[in-house]
Amino acid sequence: TYTVTANITGDHGTFTGNPSVSHGVAYSGTLKANTGYQLPASLDSVTIGGTASSAYSYNASTGAFSIAAANVTGNIVISATCPARVYNVVSNIANGSLNISTITHNTKLEATITPNTGYHLPDDLNHYLRMKVLFHIQLPGTALQDIYHL
């Protein structure tokens, strides 16, 4: 019997699958990204019996992972990094612009509003923006969401 270990960088995901497998028996499991993170396009590495291996299958859309029975010859270590999602920011500023177009999950949003030539920002921008839509953010697979300055 061999052990199966999954190392997910930053605890941004989980791996479900049996923690052990017998010699010559096919193995399968599933990588799942935590909220705000996504499945990686490829795994960082897979070792079988302490040797790097490419004798596995990984589906980046579903997180499905498998090793054919003939390739299960030692302990298995799966290493992966689930990257943070990147969201689109769409400005709703008349006669000006916002200096960002994307933001990465779990990062602070800092942006600069720049007026177009011939326009200026109000002296009390905080009062002017109160309860006005400052910008929109769009999460993958969802409609635009308004972000208000409070």
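Further up the page is the structure itself.
Residues numbered from 1 in each chain as written. Predicted model: local features only at pLDDT ≥ 70, side-chain atom pairs only at ≥ 80, totals over all residues. Heavy atoms only, no water.

1. Some remarks on the overall build of the protein chain
Here is step 1: Helices and strands together make up the secondary structure of the protein chain, namely one helix and 15 strands.
Here is step 2: The proportion of buried residues among the 150 residues of the protein chain is 26%.
Here is step 3: As displayed, the protein chain offers around 9,100 Å² of accessible surface, 50% of which is attributable to carbon and sulfur atoms. (Helix = DSSP H or I, 4+ residues; strand = E, 2+ residues; numbered from the N terminus. Buried < 20%, exposed > 50% of the residue type's maximum accessible area, 1.4 Å probe, protein only. Areas by Shrake-Rupley, 256 points an atom, 1.4 Å probe, with all protein chains shown as cover.)

2. Some words on the sheet that holds strand β1 (residues 2-8)
In a beta sheet, neighbouring strands pair by backbone hydrogen bonds and run either parallel or antiparallel.
Here is step 1: What the five strands build is an open sheet, ordered β3-β1-β9-β5-β6; its pairing is mixed. Single-partner strands in this sheet number two, and they are β3 (20-21) and β6 (51-52).
Here is step 2: Pairing between strand β5 (residues 45-48) and β6: two bridges, direction antiparallel. Residue pairing for β6: Ile-48 is matched across the bridge by Thr-51. (Pairing = 2+ DSSP bridges.)

3. A look at unusual backbone geometry
Here is step 1: Positive phi values are uncommon outside glycine, yet Asp-11 reaches one of about 55 degrees.
Here is step 2: Structurally, Asp-11 is set in the loop between β1 and β2 (13-17).
Here is step 3: Phi at Asn-106 takes a positive value of approximately 65 degrees, unusual for a residue other than glycine.
Here is step 4: Using a relative accessible area of 64% as the deciding quantity, one classes Asn-106 as exposed.

4. Regarding the side chain of Ser-53
Here is step 1: Here Ser-53 shows up in the loop between β6 and β7 (57-58).
Here is step 2: Ser-53 sits in the buried class, given a relative accessible area of 19%.
Here is step 3: In contact with Ser-53, other than residues within four places in its own chain, are Val-46, Thr-47 and Ile-48. (Contact = heavy atoms within 4.5 Å.)

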